[in-house]
Amino acid sequence: NAGVTQTPKFQVLKTGQSMTLQCAQDMNHNSMYWYRQDPGMGLRLIYYSASEGTTDKGEVPNGYNVSRLNKREFSLRLESAAPSQTSVYFCASRLQGDQPQHFGDGTRLSIL
Amino acid sequence: AQSVTQLDSHVSVSEGTPVLLRCNYSSSYSPSLFWYVQHPNKGLQLLLKYTSAATLVKGINGFEAEFKKSETSFHLTKPSAHMSDAAEYFCVVSDGTGRRALTFGSGTRLQVQP
């Protein structure tokens, strides 16, 4: 019953450092998503992947890159972290059609 | 374009009393609508979804929501609140494109008083 697994759960970075957030799903889902959640707001889409090897920008992609390594894994990279990227990051996956998205427990990232 | 407005940022009820969390949406498509719940330091859990079948949708843990197209509303209700219902609730609309991008409301924090 793993579902969507995110690592790490917590991370503190200094401004300018780089970091890759990992996400893996074991539900054989086709689509995967990265969101960020800031205080008092709902989630906002950073990047989306419809299938292995394809990615597309979401609402707030600046400062991030992604890689869909295979069907299971979708990573999010911060090349040069900034304090404005302090947030909680959620990965999600979806099978197809109108099926709902399933979320991981999040990565809490603080950038000093 | 689509948007979601959750009309209350905080709702407080007593245990055993009804819960009403209000949501209005706008969408250029025939929308798919969801309610998700988020407990502290946890991810989001799907409560229920509407995808153009029955307008009254039953979800987990006794929650239900009614889709009203004329009012562009999708309010979440529960007849009797339990202490474990205390959490943040998000109303979400999915776009009609292949990516099924989700647009989230800003959330309603539900407090349940003993």
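Placed above this text is the structure.
Colleague: How would you explain the overall build of chain B if you had to name every residue and give the values?
Modeller: Of regular secondary structure, chain B possesses 0 helices and 12 strands. In chain B, the succession of α and β elements from N to C terminus is β-β-β-β-β-β-β-β-β-β-β-β. Relative to the 2.2 N^0.38 estimate, which gives 13 Å for 114 residues, the radius of gyration of chain B is 14 Å and therefore close to what a compact globule would have. If you line up chain B on its principal axes, its C-alpha atoms span 45 × 30 × 20 Å. Scored against the burial criterion, the 114 residues of chain B give a buried share of 46%. The contacts of chain B with a sequence gap of at least 6 include a subset with a gap of at least 24, amounting to 56%.

Colleague: Can you lay out unusual backbone geometry for me, pointing to particular residues and giving the numbers?
Modeller: The omega torsion of the bond from A:Thr7 to A:Pro8 falls at -10 degrees, within 30 degrees of zero and hence cis. As for its placement among the helices and strands, A:Pro8 is situated in the loop between strand E1 (4–7) and strand E2 (10–13). Although it is not a glycine, A:Asn28 sits at a positive phi angle of roughly 60 degrees. Within the fold, A:Asn28 resides in the loop between strand E3 (19–25) and strand E4 (31–37). Even without being glycine, B:Asn61 reaches a positive phi, approximately 60 degrees.

Colleague: Just give me the short version of the nonpolar core, but keep the residues and values in it.
Modeller: One finds B:Trp35, B:Leu48, B:Phe74, B:Leu76 and B:Tyr89 to be the most contacted residues of the largest nonpolar core, which totals 26 residues. When residues of this core are assigned to their parent elements, the largest contribution, 4 residues, is made by strand E10 (residues 87–94) of chain B. What B:Leu48 contacts, discounting residues up to four positions off in sequence, is B:Leu33, B:Phe34, B:Trp35, B:Val57, B:Lys58, B:Gly59, B:Phe63, B:Glu64, B:Ala65, B:Phe74 and B:Leu76. A:Met19, A:Met32, A:Leu78 and A:Ile111 belong to the second largest nonpolar core, which has 20 residues in total.

Colleague: Tell me about the interface of chain B and chain A, and name the residues and values.
Modeller: Of the residues lining the interface, 20 residues belong to chain B; the matching set on chain A comes to 23 residues. Taking both sides of the interface into account, the surface hidden between chain B and chain A amounts to around 1700 Å²; carbon and sulfur atoms contribute 50%. Looking only at chain B, the three residues that lose the most surface to chain A are B:Arg99, B:Arg100 and B:Phe104, adding up to 34% of its buried area. Counting every contact that joins chain B to chain A gives 0 salt bridges. The interface formed by chain B and chain A holds 4 residue pairs in polar contact (both at pLDDT 80 or more) in total. Of all the elements in the fold, those that place two or more residues in the side of chain B that touches chain A are strand E5 (32–38), strand E6 (44–50) and strand E11 (102–104) of chain B. Considering every element that reaches the side of chain B that touches chain A, the biggest residue donor is E5(B), with 4 residues. Across the side of chain B that touches chain A, the residue classes tally to 8 nonpolar, 8 polar and 4 charged.

Cut-offs used in this document
- Residues numbered from 1 in each chain as written.
- Chains lettered and ligands numbered in written order.
- Predicted model: local features only at pLDDT ≥ 70, side-chain atom pairs only at ≥ 80, totals over all residues.
- Heavy atoms only, no water.
- Helix = DSSP H or I, 4+ residues; strand = E, 2+ residues; numbered from the N terminus.
- Rg over C-alpha atoms; globule rule 2.2 N^0.38 Å.
- Buried < 20%, exposed > 50% of the residue type's maximum accessible area, 1.4 Å probe, protein only.
- Contact = heavy atoms within 4.5 Å.
- Core = buried A, V, L, I, M, F, W, Y, C linked by side-chain atoms within 4.5 Å.
- Buried area = accessible area lost by both parts, 1.4 Å probe.
- Salt bridge = Lys/Arg side-chain N within 4 Å of Asp/Glu carboxyl O.
- Polar contact = N/O pair within 3.5 Å; in protein donor to acceptor, adjacent residues only side chain to side chain.
- Nonpolar A, V, L, I, M, F, W, Y, C, P; charged D, E, K, R; others polar.

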